[in-house]
Amino acid sequence: MSPVKLTIMRALFVKTFLSHSSTATSKTHEGNGSVSEQPRVDINGLQFPWNRIRLPDHVIPVHYHLLIHPNLTSLTFTGSVKIEIDVKHNITSVVLHSKNLQITVATIQDEFGHFLSHRPLQVLENLPHEQIAVLSPKPLLTGEKYFVHIEYKANLSDGFYGFYRSTYQTKNGETRTLASTHFEPTSARMAFPCFDEPHFKANYSIKIRRDDSHIALSNMPIERTVVLEGGLFEDHFEVSVRMSTYLVAFVVCDFKSVSGRTSSGIEVSIFAVPDKWAQTHYALEAAVKLLEFYEQYFNIYYPLPKQDLIAIPDFQSGAMENWGLTTYRETALLFDPETSSASDKLWVTMVIGHELAHQWFGNLVTMEWWNDIWLNEGFARYMEFVSVDATYPELKVEDYLLDTCFAAIGRDSLNSSRPISSAAENPTQIKEMFDTVSYDKGACILHMLRNFLTDDVFQSGIVRYLRKFSYKNAKNEDLWNSIANTCSEEDFTSGEFCYSSSQATKNAYRYAGEHLDLKEMMNTWTLQKGIPLIIVNRIGNVVTLRQERFLKTVLPSDPSWNSEQQGYLWHVPLTYMTSNSRKIGRYLLETKSDTVEMEEEVSWVKFNTDMNGYYIVHYEGDGWDSLINLLNKNHTAVSYKDRANLIHNAFQLVSAGRLSLNQALDLTRYLSHETHNVPLLQGLGYLEVFFRMIERRNIPDVTQNLKNYILQYFNHVIDKQTWSDEGSVSDRRLRSAVLELACDLGYPPCVKKANHLFSEWVGSNSTISLPTDVTETVYSVGAQRPEGWTYLLDKYQVSLSGTEKDKILGALASSMDSEKLSRLLDLGLEGVVIKTQDLSSLIYRVSRNPTGHFIAWNFVKKHWNQLVEKFQLGSFCIRNIIIGTTAQFSSKEELEEVKLFFESIQEHSSQLRVTQVALENLEKNIRWLERNLEPMRSWLLKNLQEA
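Residues numbered from 1 in each chain as written. Predicted model: local features only at pLDDT ≥ 70, side-chain atom pairs only at ≥ 80, totals over all residues. Heavy atoms only, no water.

The name given to the protein chain in an unreviewed UniProt entry is Aminopeptidase, and the organism recorded there is Lepisosteus oculatus. One UniProt comment on the protein chain, placed under Sequence similarities (unreviewed entry), says "Belongs to the peptidase M1 family." According to the UniProt record, the Subunit (unreviewed entry) comment for the protein chain is "Monomer. May also exist as a heterodimer; with ERAP2. Interacts with RBMX." (UniProt positions renumbered as here; feature names shortened; annotations may be inferred.)

Next up, the structure:
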């Protein structure tokens, strides 16, 4: 599953600094039970036979026969499911999941089709655990096969989970309805009674009833269609492969499609609402190329005969990897050359790459439980970069890998972080696992491992993993054993080509002359939270290394420092370059401290080459001064990735109280000679974040001086930008970000040009095409005038381009008119003009606007219960709303206000880890300003005088 893209790519930096993602509250569990046993529920005098959140393993589902009949007029559906089960322990009831389904009939048959009772069976329901129990009149015996048959009815869901309704408007203004599914992580139970846990894999035979004006889609191709009475059709789909419940999918709609085939014969189709059919062609091209790449890279054929990709008009996340029927938000799949920018194209390509990677990582091999969701999401996130780099090298996707790791570090450097592999039990906790730690940190440690082992060793290891666990479930350690080519004693003695687990340490990748226990090494990255700080002290040709846990909210002078450091140790694969050699040095640091002896004395050393490792580096002594001097004299002596890494590390160390703000700002002075967009945007991004924070605190002298400094010092970069779509993807990304910031800061030439383009566009009744890379900047400038804002809102309502609507919404949210911002939020809450799916990103955007910050915060406080009802507790949208509206705060008074609000919603906030993330972010901002406001004031005065 892909998280939703909130704003244009430039916002990645702001979100990185503010650490926008969150994680799940976790408790220890054992085996197949819950974290704690609850009292058994009495229902009409009968006791519910199971008292844990997780299902018993007494029964194993083998095959589901599912019939679904949605009514798109009454917005209801009926269903029946016949589940073939194997009994592992004698039982008198079958416990499975069901949520918001009205059970009408339940029966059990033996394997010969004989009913165990001639009367419908009693069904008990445990609402808190979302479970039902079908009571059997006779014991179900170990080793026997039975069929559980349940008929039910329900309403199509109003939200974004289960089997839910979605609507769209045609270009003629007609509203049409469709029904679609989204089951991950725990919502298949909202569409049919099932064993809704990832390790209960089964086959599915699905039938869907519809009328002749609609089509039905599911995981597999249609085998045949039966004509029924009353103008109904029943589509019978081929039997699926074995898969988890959360991957089942079906859609009933009136969409149109475009199709193609891969070189191996897989039919690939892109579906969209009829009026947007013309926007599907790029996705088809990308999907075919990426699917072909994955078949070759994984050396395993895609196992289904078709792969459908469908753009759903109402969709909470970015996309979902349902096997054979991947579902997408429209902006994540559709590409309109007239309105989509270079960043939009990259986004679509990366999301498709992510979901298609899941067809192997997640679908073919599935994590055993949600505590290891990173095995799905971390891999899919990393394979985005591997696949897009191989298939579309011109998109320069590797530039965004740095942003991904910066985002992970921002989250992981807070004490409220969590281990990659963390316990999660209930649905809210499980939803919170879909966060920066699982996605971004997961991707970054895989990148570090690939760089460490070499591409070939890494690739062959994951192919072994996929082959060994195909159609099965896997745990964290299974991945490391596969990459290290270890196996069980049983496999070893049966002749499997692998190393026995007792010989794991002898299965040696030689690294700096040492043998390596890969599992032990990687456990330090997945089973403990946080990120290491590597402290480098160079004296002559001897480099002393120390490692600590890097924290931005606990300083070495704080009383809790020692306790927060205790027990943390990583096995860190270090890389470095020196003034005397471009050859990359390597060293595996497995202890708290060590020394490395260089062949000769060097004038500088730079660790974490190309930022291929997941760690922060601090240079003691004259280490930072040497690197600052290097950048000023010859910045190309290190790569653009190294330069961006140095800027990032410096400002992270400022937040942690390890480096002075003056030194970090001095380091950025070299940017006057920088030509690469990645370090330029990294330096500009930090200055922008500081500007926003100080502006909101109403400190006019520093605000004005910092604005003047940005516009003066980066004048050469701003003025050379053209208002066009020319150049490489890197050039276009820089243009979008720089011109947006310049106009936002009121740079007169920028504002003048944007106003001119906006007036021309309005004068043509929006028939002329604006350069796509600067469209949102032009809209934002135009939206500052009342008539411009109104025109854009009208245009928003009739636009058929999702990317255009997204840019318009960003512009509308940039207005300095508080009444307009309040109206915008109200429209989002109503969900008609602005769809509910866009409400959380709208709140985020309004909160970033200095005028809208408190408007957004007060809106969230007032409508909290409605927001939870719309998006579900623990969802990405709820986490984004909390972080988005609190991350701008930086005073003790605001901290107390946020605490009071969280206390007022204790029933909800106590279940969420994100509330702790929000509070810690706020505390970080307060401490940053306390330590750095005066140094910032002095540094600006000094450097503006010198300019």
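Student: What am I meant to see in the UniProt feature "active site" (unreviewed entry) in the protein chain here?
Tutor: When the UniProt feature table is mapped onto this chain, "active site" (unreviewed entry) is found at E355. By the element assignment, E355 lies in helix α3 (residues 342-358). Judged by its relative accessible area of 0%, E355 falls in the buried class. When neighbours within four sequence positions are excluded, E355 is seen to be in contact with M1, S2, A319, M320, E321, T326 and Y328. (Helix = DSSP H or I, 4+ residues; strand = E, 2+ residues; numbered from the N terminus. Buried < 20%, exposed > 50% of the residue type's maximum accessible area, 1.4 Å probe, protein only. Contact = heavy atoms within 4.5 Å.)

Student: How do you make sense of the nonpolar core when you look at a structure like this?
Tutor: Side chains of nonpolar character tend, in soluble globular proteins, to be buried together. Core analysis: the largest hydrophobic core is formed by 317 residues, its most contacted members being F192, F195, I352 and F607. Looking at this core, the element that brings in the most residues is helix α31 (residues 914-946), giving 13 residues. (Core = buried A, V, L, I, M, F, W, Y, C linked by side-chain atoms within 4.5 Å.)

Student: Explanation requested: the state of the cysteines in the structure shown.
Tutor: A complete count under the given rule lists two disulfides for this structure. Across the disulfide from C405 sits C444; the S-S distance is 2.1 Å. The sign of the S-S torsion, about -115 degrees, decides the handedness of the disulfide formed by C405 and C444: left-handed. Note that C405 is positioned in helix α5 (residues 398-412) and C444 in helix α7 (residues 436-453), a separation of 39 residues in sequence. Judged by relative accessible area, which is 4%, C405 ranks as buried. Looking at C444, the relative accessible area reads 2%, which means it is buried. Two residues, C743 and C750, share a disulfide whose sulfurs are 2.0 Å apart. Looking down the S-S bond of the C743 and C750 bridge, the torsion is -100 degrees, so its handedness is left-handed. By relative accessible area, which is 10% here, C743 ends up buried. (Disulfide = S-S within 2.5 Å.)

Student: I'm lost on the sheet that holds strand β32 (residues 616-619) in this one. Help?
Tutor: Within the open sheet, the four strands sit side by side as β30-β27-β26-β32. Their pairing is mixed. Each end of this open sheet is capped by a strand with a single partner; those strands are β30 (593-597) and β32. Neighbouring strand axes in the sheet, compared pairwise and without regard to direction, differ in orientation by 25 degrees on average. Bridge analysis of strand β26 (residues 532-539) against strand β27 (residues 542-549) gives eight bridges, and the strand direction is antiparallel. Following the sheet pairing, P532 is matched in β27 by R549. (Pairing = 2+ DSSP bridges. Axes fitted to C-alpha atoms, helices over the stretch in contact; angles between N-to-C directions.)

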